[in-house]
Amino acid sequence: FFLSLITSSLFAKSDYFNQGLIFYEKNDLDKAKFKFEQDLVFNPKNEKSYLYLSKIFNTQNKLDLEEQNLKVVILLNPKNEEATFNLAKLKLKDSDYKESKKLIDRLLIFCESYCQKSKKLKIQIENSLKK
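In this text, all values refer to a predicted model and were calculated from it rather than measured experimentally. (Residues numbered from 1 in each chain as written. Predicted model: local features only at pLDDT ≥ 70, side-chain atom pairs only at ≥ 80, totals over all residues. Heavy atoms only, no water.)

**Student:** Looking at this structure, I do not really get the overall build of the protein chain. What am I missing?
**Tutor:** Secondary structure assignment for the protein chain yields eight helices and zero strands. Element order for the protein chain, N to C, with α for helix and β for strand: α-α-α-α-α-α-α-α. Out of the 131 residues belonging to the protein chain, those deemed buried represent 39%. The contacts of the protein chain with a sequence gap of at least 6 include a subset with a gap of at least 24, amounting to 45%. Carbon and sulfur atoms form 55% of the exposed surface of the protein chain, whose accessible area is close to 8300 Å². (Helix = DSSP H or I, 4+ residues; strand = E, 2+ residues; numbered from the N terminus. Buried < 20%, exposed > 50% of the residue type's maximum accessible area, 1.4 Å probe, protein only. Contact = heavy atoms within 4.5 Å. Areas by Shrake-Rupley, 256 points an atom, 1.4 Å probe, with all protein chains shown as cover.)

Printed below as a string of structure tokens:
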């Protein structure tokens, strides 16, 4: 009995991320945000929860919170392409061209999925630096 209680409790704790994904895909961002935050209580190094929180904050136009979460993702996994790319876009939006260029240059070193997007963004950044 106790073993099944502990197992079900652990499963419930580990399922917050998946529940958050379901709410995120249904565009129920408040519930998704809550589930990702719950996941981080039990899994504080889950870069995916931080990444999805950054996406939610982007949609809600809470750019400071988006940036904080992207930085945590990169801290946990310096080679997370999506987080690095999104932070570079955010820095470009803030007119921080040098930081954006630095992030893209770093991303181009290890990119696999975001290479084309990164090259296009780099051109956009370089054009902005010339202005």
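From this point, the narrative continues.
**Student:** Teacher, can you tell me more about the environment of isoleucine 125 here?
**Tutor:** Along the chain, isoleucine 125 turns up in helix α8 (residues 115–130). Residue isoleucine 125 is classed as buried on the basis of its relative accessible area of 0%. Along the primary structure isoleucine 125 and isoleucine 104 are separated by 21 residues, whereas in three dimensions their C-alpha atoms are 9.2 Å apart. Once residues lying within four places of it in the same chain are set aside, the contact partners of isoleucine 125 are Leu92, Tyr97, Ser100, Lys101 and Ile104.

**Student:** So what exactly am I meant to see when it comes to the packing of helix α7 (residues 97–110) against α8 here?
**Tutor:** To characterise two packed helices, one gives the angle between the axes of the helices and the distance between these axes. Remark: α7 packs on α8, axes separated minimally by 10 Å, with the N-to-C direction vectors making an angle of 150°. In terms of orientation, α7 lies roughly antiparallel with respect to α8. In the crossing of α7 with α8, the sense of the turn from one axis to the other is left-handed. Here α7 contributes Tyr97, Lys98, Ser100, Lys101, Ile104, Asp105, Leu107 and Leu108 to the contact with α8, which in turn contributes Cys115, Ser118, Lys119, Leu121, Lys122, Ile125, Glu126, Ser128 and Leu129. (Axes fitted to C-alpha atoms, helices over the stretch in contact; angles between N-to-C directions. Parallel < 35°, antiparallel > 145°, perpendicular 65-115°, else oblique. Left-handed = near helix turned anticlockwise from the far one by under 90°.)

**Student:** Would you mind going over the nonpolar core with me for this structure?
**Tutor:** Generally speaking, a soluble globular protein has its nonpolar side chains buried in company with each other. With 30 residues, the main nonpolar core has Phe36, Ile104, Leu107 and Leu121 as its most contacted residues. When residues of this core are traced back to their parent elements, those giving at least two are α2 (16–25), α3 (29–42), α4 (47–59), α5 (63–76), α6 (81–93), α7 and α8. Residues within four places of isoleucine 104 in sequence aside, it is in contact with Phe85, Ala88, Ser118, Leu121, Lys122 and Ile125. (Core = buried A, V, L, I, M, F, W, Y, C linked by side-chain atoms within 4.5 Å.)

**Student:** Would you mind showing me how to read unusual backbone geometry here?
**Tutor:** A negative phi angle is the norm for most residues apart from glycine, just as the trans form is the norm for most peptide bonds. The backbone phi angle of asparagine 27 is positive, close to 65°, even though this residue is not glycine. Tracing the chain through its elements places asparagine 27 in the loop between α2 and α3. When its relative accessible area of 56% is taken as the criterion, asparagine 27 is described as exposed. Backbone geometry places asparagine 61, a non-glycine residue, at a positive phi of 60°. As for its position among the elements, asparagine 61 is in the loop between α4 and α5.

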